[in-house]
Amino acid sequence: YRCQNGQQGVPHDKTKQFRADAIEKIIFDCISEYIKGLLEQEDVFLEITKNQQQMKKTMEDELKKEKQILHKIMKGIDAMESNIPDAMTGEYVLSLEELVLTIRKHKEKADIQKAVINKKELQIKNLDISNSEWDQLKIQLPTWQQVLEGVDRDTKRVLVNKLIDRIDITKERIIVKFKIDMGEFV
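All of these numbers come straight from a predicted model, not from anything done at the bench.

Mind laying out the overall build of the protein chain, listing which residues take part and the relevant values?
A count of helices and strands for the protein chain gives eight helices and three strands. Mapped from its N terminus to its C terminus, the protein chain presents α and β elements in the order α-α-α-α-α-α-α-α-β-β-β. Burial status across the protein chain gives 22% buried among its 186 residues. Within the protein chain, counting contacts between residues at least 6 apart in sequence, those at least 24 apart form 58% of the total.

An account of helix α8 (residues 153–163) is requested, with residue identities and associated values reported.
Considered for burial, the residues of α8 that qualify are Lys156, Val160 and Leu163. All buried residues of α8 fall inside an arc of 90° around its axis, so they share one side. Every exposed residue of α8 that faces more than 90 degrees away from the buried side is listed here: Asp154, Asn161 and Lys162. Looking at where α8 begins, the residue whose side-chain oxygen comes 3.0 Å from the main-chain nitrogen of aspartate 154 is aspartate 152.

Explain the nonpolar core to me, using residue names and the numbers behind them.
Of all hydrophobic cores here, the largest spans 14 residues; its most connected members are Ile27, Ile31, Val160, Leu163, Ile164, Val176 and Phe178. For this core, the element with the most residues is helix α2 (residues 20–41), which contributes seven residues. Residues within four places of isoleucine 31 in sequence aside, it is in contact with Leu148, Lys156, Leu159, Val160, Leu163, Ile164 and Phe178.

So what's going on with the pattern of salt bridges? Which residues, and what values?
One side chain can pair with another of opposite charge once the charged atoms of both are near each other. Evaluation of the coordinates by the stated rule reveals six salt bridges. Across the pair arginine 153 and glutamate 24 runs a salt bridge whose closest N-O atoms are separated by 2.8 Å. One end of the pair, arginine 153, is in helix α8; the other, glutamate 24, is in helix α2, with 129 residues separating them in the sequence. Of the charged contacts, one joins lysine 57 and aspartate 61 as a salt bridge, the two residues approaching to 3.2 Å between their closest N and O atoms. Remark: aspartate 61 and lysine 57 occur in helix α3 (residues 44–82); sequence separation between them is four residues, near one turn of the helix. A relative accessible area of 34% places aspartate 61 in the partly exposed class.

An account of the side chain of glutamate 66 is requested, with residue identities and associated values reported.
Secondary-structure assignment places glutamate 66 in helix α3. In this structure, glutamate 66 is buried with no salt-bridge partner, the nearest side chain bearing the opposite charge being lysine 120 at 5.0 Å. Filtering out sequence-adjacent residues up to four positions away, glutamate 66 remains in contact with Gln113, Val116, Ile117 and Lys120.

I'd love a proper account of the environment of isoleucine 169, names of residues and values included.
Structurally, isoleucine 169 is set in strand β1 (residues 164–169). Apart from residues lying up to four places away in sequence, isoleucine 169 is in contact with Phe18, Ile23 and Ile174.

How would you sum up helix α5 (residues 96–127)? Please name residues and give values.
Since there are 3.6 residues in each turn of an α-helix, residues three or four apart along the chain are aligned in direction. The first and last C-alpha atoms of α5 sit 46 Å apart over 32 residues, in line with the 46 Å expected at 1.5 Å per residue. Those residues of α5 lying buried are Leu99, Ile103, Ala110, Gln113, Ile117, Lys120, Ile124 and Leu127.

Outline the environment of valine 160, listing residues and values.
Within the secondary structure layout, valine 160 lies in helix α8. With a relative accessible area of 7%, valine 160 lands in the buried category.

How would you sum up the environment of aspartate 29? Please name residues and give values.
Of note, aspartate 29 is situated in helix α2. With a relative accessible area of 39%, aspartate 29 lands in the partly exposed category. For the pair formed by aspartate 29 and leucine 148, sequence separation is 119 residues and the distance between their alpha carbons is 9.2 Å.

What counts as what
- Residues numbered from 1 in each chain as written.
- Predicted model: local features only at pLDDT ≥ 70, side-chain atom pairs only at ≥ 80, totals over all residues.
- Heavy atoms only, no water.
- Helix = DSSP H or I, 4+ residues; strand = E, 2+ residues; numbered from the N terminus.
- Buried < 20%, exposed > 50% of the residue type's maximum accessible area, 1.4 Å probe, protein only.
- Contact = heavy atoms within 4.5 Å.
- Arc of directions from axis to C-beta.
- Polar contact = N/O pair within 3.5 Å; in protein donor to acceptor, adjacent residues only side chain to side chain.
- Core = buried A, V, L, I, M, F, W, Y, C linked by side-chain atoms within 4.5 Å.
- Salt bridge = Lys/Arg side-chain N within 4 Å of Asp/Glu carboxyl O.
- Lys, Arg positive; Asp, Glu negative; His and termini not counted.
- Expected span 1.5 Å × (residues − 1).

Okay, here's the thing in structure tokens:
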């Protein structure tokens, strides 16, 4: 690690460069703490739960509309079936055969609508994830620290370039200033 000012010829009264192996562990630990701090500000699982609840509400509203459509179809079938006696005597607009055919078509529509409703109900049921399942998922997911420990040095250096605005090093301390302000890490 070299001082940017030192590379441009600005005089220094202190060291202009530091060995990477001497300071990278400290820098990577700072990045790990920084990411942990970001995650504490925004609970990912809370966001997932909130999005899941919104999606469930939307799906329940759609289910309600589909049930209303089925109710309308069933009401129409009942009305047509109540006219069968009139169609038998010839006092109805449609002949008995036409009425029976129309009732059959509406019953087919009702069956299709029932299938749509069953599918939506199953989707809503599958959307529900219990708290214990969330707890299990939280346990299984690695922490950012574990992920960061598992990546190679070059990837960590990319994170340094992307996240860190400035690193000030003296013999006494290292100050890391991040691009997104969460304060300084000393």
